[in-house]
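Structural features, examined
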Amino acid sequence: MALSSLVFIIFAAICIGLYYAVPDRWKWVVLLIASYAFYLLSSPKTFIFVLLTTAITYIGGRLIGKCNSEHKAFADAHRDTLSKEEKKAAKAASQIKKRKIVALILVLDFGVLAVLKYFRYYLQAAGIFDTGELLIPLGISFYTFQSAAYIFDLYRNKIEPDTNIAKFALFTAFFPQIVQGPIARYDQLAHQLYEGHRFKYRNLTHGAQLILWGFFKKLIIADRLAILCGEVFGNHGDYSGGAVFAALLCYTVQIYADFSGGIDIARGVAQCMGIDMPHNFRRPYFSHDLSEFWNRWHISLSHWCRDYIFYPVAMSKFFGRIGKQLRNVFGDRLGKLFPVIIAQYCTFLMIGLWHGAAFKYIAYGLYNGTVIVLGLLLEPLLKGALAKLHISPASKGWKGFQIVRTFFIVVCGRVFPRAASFGVALTMFFSMFRINHGVPFSETMMSLGLTGIDYLIVAACCAIWLMISIYEERSARINGGDGTTAFREMMDRLPLPVRWAILLTGLAAVLVLGVYGPGYNASAFIYRGF
Amino acid sequence: MRETVLGILTGIRGDIDFENETRLIDDNILASLDIVAIVGEFNDEFDVEISVEDLVPDNFNSLDAMVELITRAQE
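Here the structure is a predicted model, which means the values were calculated and not measured.

Counting its regular elements, chain A contains 24 helices and zero strands. For chain A, whose C-alpha radius of gyration is 25 Å, the value lies close to the compact-globule estimate of 24 Å for 530 residues. When contacts within chain A are restricted to residue pairs at least 6 apart in sequence, long-range pairs at least 24 apart make up 74% of them.

A few words on the overall build of chain B. When helices and strands are counted, chain B shows four helices and zero strands. Listing the helices and strands of chain B from first to last along the sequence gives α-α-α-α. Taken against the 2.2 N^0.38 rule, which gives 11 Å for 75 residues, the C-alpha radius of gyration of chain B at 11 Å falls within 12% of a compact globule. Its C-alpha atoms give chain B principal-axis dimensions of about 30 × 25 × 20 Å. Counting every position in chain B, which comprises 75 residues, the buried fraction comes to 27%. Sequence-distant contacts in chain B: of pairs separated by 6 or more residues, those separated by 24 or more amount to 63%.

Attention now moves to the interface of chain B and chain A. Contact residues are listed per partner, giving twelve residues for chain B and 15 residues for chain A. Considered class by class, the residues forming the side of chain B that touches chain A number six nonpolar, three polar and three charged.

Our focus in this paragraph is the domain arrangement of chain A. All names here are of chain A. Taken domain by domain, chain A holds domain 1 (6-199), domain 2 (216-277 + 448-524) and domain 3 (285-418). Contacts between the two partners involve 14 residues from domain 1, matched on the other side by twelve residues from domain 2. Among the elements of the structure, helix 1 (6-21), helix 8 (175-178) and helix 9 (186-195) are those that each provide at least two residues to the side of domain 1 that touches domain 2. In terms of residues, the side of domain 1 that touches domain 2 owes the most to one element, helix 1, which gives four residues. Of the residues contributing to the side of domain 1 that touches domain 2, the split by class is nine nonpolar, five polar and no charged.

Here the focus is unusual backbone geometry. Most peptide bonds are trans, and most residues other than glycine sit at a negative phi. All names here are of chain A. Note that the residue after Gly181, namely Pro182, is joined by a cis bond; omega there is 0 degrees. In this fold, Pro182 is placed in the loop between helix 8 and helix 9. Backbone geometry at Arg283 places phi at a positive 45 degrees, although glycine is not the residue there. Among the secondary structure elements, Arg283 is positioned in the loop between helix 11 (242-272) and helix 12 (290-296). In this structure Arg283 comes out as buried when scored by C-beta crowding, with 21 C-beta atoms within 10 Å. Residues other than glycine seldom take positive phi values, yet His298 does so here, at roughly 40 degrees. In this fold, His298 is placed in the loop between helix 12 and helix 13 (299-314). The class of His298 is buried, set by 23 C-beta atoms lying within 10 Å.

Turning our attention to the packing of helix 7 (residues 165-173) of chain A against helix 9 of chain A. All names here are of chain A. In contact at an axis separation of 10 Å, helix 7 and helix 9 are set at 120 degrees when each is read in the N-to-C sense. When the axes of helix 7 and helix 9 are compared, the pair comes out oblique. You can see that helix 7 and helix 9 cross each other, and the crossing is right-handed. Contact residues: helix 7 offers Lys167, Leu170 and Phe171, while helix 9 offers Tyr186, Leu189, Ala190, Leu193 and Tyr194. Of the residues contributing to the contact of helix 7 with helix 9, the split by class is seven nonpolar, no polar and one charged.

What follows covers helix 7 of chain A. Of all the positions in helix 7 of chain A, only Phe168, Ala169, Leu170, Phe171, Thr172 and Ala173 of chain A are classed as buried. Close packing links the buried residues of helix 7 of chain A with helix 2 (27-42), helix 3 (47-77), helix 6 (140-155), helix 8 and helix 9 of chain A.

This paragraph deals with the packing of helix 3 of chain A against helix 6 of chain A. All names here are of chain A. Contact pair helix 3 / helix 6: the axes reach a minimum separation of 9 Å and the direction vectors enclose 5 degrees. Looking at the two axes, helix 3 sits roughly parallel to helix 6. Residue-level inspection shows Phe49, Val50, Thr53, Thr57, Gly60, Gly61, Ile64 and Gly65 of helix 3 in contact with helix 6, the latter providing Ile140, Tyr143, Thr144, Ser147, Tyr150, Ile151, Leu154 and Tyr155. The class makeup of the residues in the contact of helix 3 with helix 6 is nine nonpolar, seven polar and no charged.

On to helix 24 (residues 496-513) of chain A, then. Between its first and last C-alpha, helix 24 of chain A extends 25 Å over 18 residues, near the 26 Å set by a 1.5 Å rise per residue. Little of helix 24 of chain A is tucked away: zero of the 18 residues are buried.

With that out of the way, let us pick up the confidence of the model for chain B. Of all residues in chain B, 100% attain a pLDDT of 70 or more, and the chain-wide mean is 88. Two summary scores accompany this predicted model of the complex, namely pTM at 0.88 and ipTM at 0.79.

Below, the discussion takes up the environment of Val515 of chain A. All names here are of chain A. Counting through the fold element by element, Val515 comes out in the segment after helix 24. Spatially, the C-alpha atoms of Val515 and Ile220 are 6.1 Å apart, while their sequence positions differ by 295 residues. In this view, Val515 contacts Leu219, Asp223 and Arg224; residues no more than four positions away in its chain are not counted.

Thresholds, definitions, all that
Residues numbered from 1 in each chain as written. Chains lettered and ligands numbered in written order. Predicted model: local features only at pLDDT ≥ 70, side-chain atom pairs only at ≥ 80, totals over all residues. Helix = DSSP H or I, 4+ residues; strand = E, 2+ residues; numbered from the N terminus. Rg over C-alpha atoms; globule rule 2.2 N^0.38 Å. Contact = placed C-beta atoms within 7 Å. Buried ≥ 20, exposed ≤ 12 C-beta atoms within 10 Å, placed from the backbone. Nonpolar A, V, L, I, M, F, W, Y, C, P; charged D, E, K, R; others polar. Domains from an automatic or database assignment. Axes fitted to C-alpha atoms, helices over the stretch in contact; angles between N-to-C directions. Parallel < 35°, antiparallel > 145°, perpendicular 65-115°, else oblique. Left-handed = near helix turned anticlockwise from the far one by under 90°. Expected span 1.5 Å × (residues − 1). pLDDT = per-residue confidence, 0-100.

What follows is the structure, encoded as structure tokens:
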């Protein structure tokens, strides 16, 4: 059941209706039944794996929670009698016990993910395990990472363990988010799912607006550009020069429209029930450098990697010690940067692997990691060059150049995950610099499955999207905050007839201009495959 | 201690008004690279052990919050 299908909208509408029909204390039960029904309707053969991850994580969470409370009770009871060293030793003993439990749960949770998603073909080829009949469970990367975050947060004593397995099952499988995130944190989402919200007209209208906006991006922009990208990437040998660059550019827009559109639909459905899921995008193509880009793109994944990979590696005593030794050889700056560089590569290796096991995904991670590391290493040179050229880093011209430069780096990097393989990605990348003398560029563009009207529609809708993004960006700069709700708040201040006119025009645009396949089903979301 | 902390912070990010900003993490003003650099400097300067567990927004949102974090770590 695709998030952009009519069936999903009917399903979500019934769920929202039932949610408000039952008393507050039973609302979470409605959500759990709806979430499991959604999963069984979408991916019945793999349902058992969601149950498995839920059970493992729940039991593991209770065990870690027990260690936390035992240590706390011990520390409280002996607060005045133990020396500082004894307190440290007691804490270390508790940490070791917790680490063993965490390691076991992670091996089990990620083991399921690894077998079903990464090693299935190798295991089958080696005759060790027959995975031929098994599909990859829907949303497995999303719910596994969300479960791992829960375990890490318990280990760090940031949260209390859930004591109700049915409620925890809802946290793991909440239906709007299980397909493609955002990967929520327990302390952000769980209480909202469990507490039950009274009906508020504002929640319903805001949620509906978000859903409509998601459909606008997915059906009008993403699914239209998917036709062009499918043609060029599917027949890459036939294209070179500007056509390949245009396809990469279109894919850069397509994946943003597709993924953020899906997230808007998911967040919108949740918002209709008063549940505020985290943002996953913050106008990423306005970033000044690639680090900032990853702080604005797929935020829930990059923050997951930041909190559970980057920080632990960058701040680890082991890499810190090596960094200190390297200071004597390479100087203070490089020595200090060493743990950060290692952490960056670990982070982007994980981001690459998160998308899949193929080498093209690893290359995608390494490409991003290397660009960021080069940026760090060359920073003093760049600062010196700017000073010599009398260019102020705060000037509008330089800032604008940085945005264009970062966008170009992102566009080039997109070739890795989208191309059929790493080899194809390289071939396509270098074919961009080969000029096709035979057919004029405009003629090639008209042969990629889109008509002139299609290009006009995409351009007009992207212009609307760009204007909204600029408005939000300006609002963030002037008023502070992240600006993600600035446009909606401005809409709220408009007179009612104007607001309705905008919304109805948007709805009409989705119905008339959306790209629909057989049976009026939209094409699948790209991130649904992860 | 406050002055030393302020000196470290402005040494790493001279473009931020640390005296008045109170949402350094919540508003994405400080990046993860800044945090790692700041923690490294704090650990060296004040001989404390700020760990990954301490990396929560409340501890780094403002100058005062960071001073408080170091004070706690010294106890």
